[in-house]
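# Reading the structure
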Amino acid sequence: MPALSLHPDRLFPVDASTRSLARRLYGEVAKLPIVSPHGHTDPAWFAYDEPFENATELLLKPDHYIFRMLYSQGVPLEAIGIGNPDADPREAWRILASHYHLFHGTPSRLWFDWVLVEVFGIEHRLSAETADLAYDRINEALTQPGFRPRALFDRYGIEVLTTTESPLDGLDQHRVIAESGWSGRVLTAYRPDPVIDPEFEGFHGNLKRLEELTGEDCRTWQGYLSAHRKRRAYFAQHGATSTDHGHPTARTADLSPSEAQALFTQVTTGQATAAEAELFRAQMLTEMAGMSLDDGLVMQIHPGSFRNHNAPLFSRFGRDKGADIPMQTEYVRALQPLLTRYGNERDLTIILFTLDETAYSRELAPLAGHYPALRLGPAWWFHDSPEGMRRYREQVTETAGFYNTVGFNDDTRAFLSIPARHDVARRIDCGFLAQLVAQHRLEEDEAAELAVDLAYNLPKQAYKL
Amino acid sequence: MPALSLHPDRLFPVDASTRSLARRLYGEVAKLPIVSPHGHTDPAWFAYDEPFENATELLLKPDHYIFRMLYSQGVPLEAIGIGNPDADPREAWRILASHYHLFHGTPSRLWFDWVLVEVFGIEHRLSAETADLAYDRINEALTQPGFRPRALFDRYGIEVLTTTESPLDGLDQHRVIAESGWSGRVLTAYRPDPVIDPEFEGFHGNLKRLEELTGEDCRTWQGYLSAHRKRRAYFAQHGATSTDHGHPTARTADLSPSEAQALFTQVTTGQATAAEAELFRAQMLTEMAGMSLDDGLVMQIHPGSFRNHNAPLFSRFGRDKGADIPMQTEYVRALQPLLTRYGNERDLTIILFTLDETAYSRELAPLAGHYPALRLGPAWWFHDSPEGMRRYREQVTETAGFYNTVGFNDDTRAFLSIPARHDVARRIDCGFLAQLVAQHRLEEDEAAELAVDLAYNLPKQAYKL
Amino acid sequence: MPALSLHPDRLFPVDASTRSLARRLYGEVAKLPIVSPHGHTDPAWFAYDEPFENATELLLKPDHYIFRMLYSQGVPLEAIGIGNPDADPREAWRILASHYHLFHGTPSRLWFDWVLVEVFGIEHRLSAETADLAYDRINEALTQPGFRPRALFDRYGIEVLTTTESPLDGLDQHRVIAESGWSGRVLTAYRPDPVIDPEFEGFHGNLKRLEELTGEDCRTWQGYLSAHRKRRAYFAQHGATSTDHGHPTARTADLSPSEAQALFTQVTTGQATAAEAELFRAQMLTEMAGMSLDDGLVMQIHPGSFRNHNAPLFSRFGRDKGADIPMQTEYVRALQPLLTRYGNERDLTIILFTLDETAYSRELAPLAGHYPALRLGPAWWFHDSPEGMRRYREQVTETAGFYNTVGFNDDTRAFLSIPARHDVARRIDCGFLAQLVAQHRLEEDEAAELAVDLAYNLPKQAYKL
């Protein structure tokens, strides 16, 4: 059984002197607290602090990075328990273990190995041969108090963790956390897609529910906007410092009030075409920016994913099954209406993300390197990886600098791997900085300051944490 | 006269310890047999085994990588014998030799030097000064038995070589090869563009010929589909394990039978618009996928080339004169109809190629990292080069892993350089793996296994060879 | 106060033996004269040779690379004197100095530090603390004769410097220079956007002025074309060897004479739609190529910038305020009309630029690697940076080779930093060549020859200097 261990120099540049530099820079940031300003962990974990069930429920079934790869190589989702409550979790784990070579060269492998070694003390590489050994070790650990959500949160050195909720969420779990006396800081973020996107499942019902929650007449444009304002305020009272918008495109609009009202009527009476739905989402980004200027919530825009691309899979298993595929995304024309209205505001922060790396050097860095309201989010989703982060720094920095970026987001549901993800980002950033120093494009003391800013100060400042 | 030699460490990473790793990994694959599952060599060479004519006919005139570069710098094609049977082949060779610096930094230089050194034992760099020396040496060699096609095939360690033929080809040369008693394995692949693309030269005549060959009524949709099935079966009987589709875009469609029939009528009666031609090609990709599910032929899709961009050149010299230019290619929406129908089939293999590298990380790796039916072909055509292959691995691996790729294709007409092309791929892949090991993202034993899979096992498996 | 110095090995590869190679190659080109065939310096500087005013007027206010970054981080443009003649230049300089960390990792930092050290002998890093020290040192130097424009031009070893003028410019300053007896060679280039682009500010007035200057009836298509021919000849008499075209897209057209005439009427009578304006620009590129074939002026096409993206800023401060944003740019279909007409001409040189790096390997290198009339300009504007240049060489060379590129352009208004910019290009090119040698893809003597060609011979040949 081959041994499993994490090399202290992993992910650093290969050149010996550059590696030494990277190691020194990393030494400045390795132990900094984790600031996680955007993600999708379940607040119920921290509200109720119940033990995780087993290795498969914890590490395999919620992780679409993992199961999409198994699926791509012919493993039925049912075999690993998705859409199939009768599946044996141990058998599911064995399937993962016997296919573990599929993850060679992927970030999932890095994160997963970190969890095996650092959290569970596993000493052998995962394989068909070692599957049961690992499975039993993990499950045994999960019965212990030190492996409950709050204990892990504390052990991980998380200073703040942000989850993402719908405006229709009562934030009960966040209230439970706040009132529990536990010192962990778990915030929410306002993600209004279910009541903004006319093509979201249950949109009309969602509007009704929004009306009930706020007492505003959501059949009128003004009432609808007021309802947003009320829910944003409610979220802010529960700790939110940001909103999040997951649109198919980056399109924005700045309609006249009467045009906006007419479009709202069209959209809410259920007659909207695809073009009208798109225009409504576009207009709402500009409305949300205006509200952010008023209430101070940082605005995040996450465009460019073709959700649920695999129609047969979606109809059988539902959302988030590894079938969201990036699309080409245009920003220059798309954002102009919003930026003309609010881009010059120094008190507004809009954080842009992309799944289309071609926009980094061509569109996003030039935009963020000019407009005071814009900042660039880190390499996202498929690009949250060593090579993806390297490309991000190489393509963004020369035009936007470091200070128009906002540090790292883990954006994950996979709670156990959060430190691993931040660690990868810190290592890659330190490697990038070391390269700049080795090429005499930056002094080492400047790099050391930057390393701390990227790992800690920038996310805190950008997200007002 | 400067000496010419091939350095044993060529193309490996420059860092000394990473280079050592690459050298060790390369040692595992350097001598493996060549599996060439997709290319454009002439089966007549292996059927009749006649000597090649001279250096110019063998190495210059058929190689559009070479003559397009000369043309770009002002060399008339006639001067090197293209469209001009009266050109002196020695003079043509001298032109190449005196312009050889144009190829500095290109893969053509790597391949060509390999042929000069490894096949012909030439010891001086090609230049105006050495032109005649090389020309005479090559021509002399070509008169010897060891330089005939079959002898080179054997000496090159080619385990299997696939050519590409039209459905209208009788495969006579493949039959001659099969019946010759020679041990070389030369297969065909089914490339139906001439009878699928309404904009292909001679489309209507090609349909007539298809009708004659199959006895099916190719004026009806059902007869036309049956004709494809018959020709596919005929190709499979002659060794084909794959089909190949060279469309301008990746667009697919899944029309109802009546819509498809109406479109077929429109297209075959010669009234089709460009949009209808495109829709017909789109529908036929889905039909071909369905037939592949039935008959087991692996399906290759090669989209994105604007063929014959230089209209004056095309009208004078015809196809394949170095004027095919890549275009931006969209896959996510384009492939959805086909993938909705067949993408979840575990028994189907569709191998996608691209000339648009921006699709690697954004579209292709996410699609191949999800759909069981999809695999990614290697870096193709203009990107079949050291930097192109490196970008491919860097942009594909983190999302799709290695096992959703299919190893290397040489895709060449330039028979002499086939081992050089596979050697470049093996060296670049070993360098990439060495980099992963040096950064502790992979263990060396895992890299060694991967090196063999990429060089040998994956193409055999993917193409069912 | 941390010391400031320029490391002799800056920008070279980090691997020690590759760095030695780069150092040797750089030794061959470091002292070569500067050939600057495209830029935007003010010819009045060299005509009248007056002292520069102060550090802020010289180094901050004209440099939109610098002030856009300050603006992006909340510095009002008025605070640094833009649109505000009352601003204190010393205070503006202090703002720059205290925000200097924003430029970490950017090329502006490299260029600016070079000017501080090499031109002004400043020994401390720029910061809030050292602001006044540097400000006073620079201003004192500027009073001395050795810091006047012509003295710097000579000290910089500039062999030739090209500015860019409108056809409406009388070229008086270039005449003053020519008649002054000074040995410096300052040429103009013909940039006809103001009289070609119907959407240019003052287009109709510009046509009237063109009519006055040439005596041609610019209300007729033939008169308008003749006016261009006359102004081109006038520019050529004053040393111009090139034209320059800054269109939003790369679109070209080849209309019939009667179509072109009708379009001209439509455009000049002020009724043109956006589509007609675009078509007119497209047609004019082809007309300009035809005139270049006649008069020998090298044609430069610079497409892809969305000018003045920030509408409120534009209405307040005007053009060139750091708000030009690159857009996706298509070349393959766009250029076909022009290339069909003139692309096979060996006596025509068209130099293409891009702000869309995705076109390098996909479109531009294949086009330039085929058409005799095409050459590729260097990495441009946002991509004129160490990483941008590296990507350019990596993505262009394998398909187009080195000899379909034209060396470096600084394209700058920032006269003081011209040697710094050429030095960055030479270092990056030598590093790239060293990498090829270290990987045995090129011999060292070939690399040395290439280094000189890229730094000196290619721009002279391509621009006929």
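This report concerns the structure included in the present document. (Residues numbered from 1 in each chain as written. Chains lettered and ligands numbered in written order. Predicted model: local features only at pLDDT ≥ 70, side-chain atom pairs only at ≥ 80, totals over all residues. Heavy atoms only, no water.)

## A word on the interface of chain A and chain B
- At the junction of the two partners, chain A supplies 51 residues and chain B supplies 43 residues.
- Summed over both partners, the interface of chain A with chain B comes to about 4000 Å²; 51% of that surface belongs to carbon and sulfur atoms.
- For chain A, the biggest contributors to the area lost against chain B are V14, H104 and H309 of chain A; these three give 15% of the whole.
- A salt bridge links R125 of chain A to E446 of chain B, with the nearest nitrogen and oxygen atoms 3.2 Å apart.
- Connecting chain A to chain B are 30 residue pairs in polar contact (both at pLDDT 80 or more). (Contact = heavy atoms within 4.5 Å. Buried area = accessible area lost by both parts, 1.4 Å probe. Salt bridge = Lys/Arg side-chain N within 4 Å of Asp/Glu carboxyl O. Polar contact = N/O pair within 3.5 Å; in protein donor to acceptor, adjacent residues only side chain to side chain.)

## Some remarks on helix 17 (residues 359-368) of chain C
- Buried residues dominate helix 17 of chain C, accounting for 10 of its 10 residues.
- Every buried residue of helix 17 of chain C is accounted for by A359, Y360, S361, R362, E363, L364, A365, P366, L367 and A368 of chain C. (Buried < 20%, exposed > 50% of the residue type's maximum accessible area, 1.4 Å probe, protein only. Helix = DSSP H or I, 4+ residues; strand = E, 2+ residues; numbered from the N terminus.)

## Focus: the pattern of salt bridges
All names here are of chain B.
- The full count for this structure, using the stated rule, is 117 salt bridges over all chains.
- Of the charged contacts in the structure, one is a salt bridge between R24 and E444, with a shortest N-O distance of 2.8 Å. Taken together, the residues R24 in helix 1 (residues 16-29) and E444 in helix 20 (residues 444-462) connect sequence positions 420 residues apart.
- On the basis of relative accessible area, R24 is assigned to the partly exposed category, the value being 45%.
- Among the residues examined, E444 registers a relative accessible area of 29% and is labelled partly exposed.

## Re the relation of the copies chain A and chain B
- Least-squares fitting of chain A to chain B yields an RMSD of 0.0 Å, with the superposition described by an axial translation of 0.0 Å and a rotation of 120 degrees. Interpreted geometrically, this transformation is the action of a three-fold axis. Minimal C-alpha distance to the rotation axis in chain A is attained by D15 of chain A, lying at 3.5 Å.
- The share of interface residues of chain A whose copies in chain B are also at the interface is only 6%, consistent with the copies meeting through different surfaces. (Least-squares fit on C-alpha atoms with pLDDT ≥ 70 in both.)

## Observations concerning the packing of aromatic side chains
- Taken as a whole and judged by the stated rule, the model has 84 aromatic pairs over all chains.
- Between F353 of chain A and W380 of chain A, the aromatic rings sit 6.1 Å apart at their centres with planes inclined by 65 degrees, giving edge-to-face as the arrangement. Of this pair, F353 of chain A sits in the loop between strand 8 (350-352) and helix 17 (359-368) while W380 of chain A sits in the loop between strand 9 (374-376) and helix 18 (386-400), and the two are 27 residues apart along the sequence. Both residues of the pair, F353 of chain A and W380 of chain A, count as buried.
- For the pair W45 of chain B and F415 of chain B, a centre-to-centre distance of 6.2 Å together with 35 degrees between the ring planes defines the contact as tilted. Here W45 of chain B, found in helix 2 (residues 43-48), pairs with F415 of chain B, found in the loop between helix 18 (386-400) and helix 19 (418-438); they are 370 residues apart in sequence, far enough to count as distant.
- Cation over ring: R421 of chain C sits above Y65 of chain C, and NZ or CZ is 5.5 Å from the ring centre.
- Taking the ring centre of Y26 of chain C as reference, the NZ or CZ of R427 of chain C above it sits at 4.3 Å. (Phe/Tyr/Trp six-rings, centres within 6.5 Å; stacked < 30°, edge-to-face > 60°. Lys NZ or Arg CZ within 6 Å of the ring centre and 35° of its normal.)

## Some words on the interface of chain B and chain C
- Opposite the 51 residues of chain B that make contact, chain C presents 43 residues.
- When chain B packs against chain C, close to 4100 Å² is buried across both sides, 51% of that on carbon and sulfur atoms.
- For the chain B face of the interface with chain C, the top three residues by lost area are V14, H104 and H309 of chain B, together amounting to 15%.
- Between chain B and chain C we count 31 residue pairs in polar contact (both at pLDDT 80 or more) in total.
- At the level of secondary structure, the elements contributing two or more residues to the side of chain B that touches chain C comprise helix 1, helix 4 (64-72), helix 6 (107-119), helix 15 (311-317), strand 7 (325-326) and helix 18 of chain B.
- The element contributing the most residues to the side of chain B that touches chain C is helix 18 of chain B, with five residues.
- Its residues placed into classes, the side of chain B that touches chain C shows 22 nonpolar, 16 polar and 13 charged. (Nonpolar A, V, L, I, M, F, W, Y, C, P; charged D, E, K, R; others polar.)

All quantities given are derived from atomic positions and should not be read as evidence of function.
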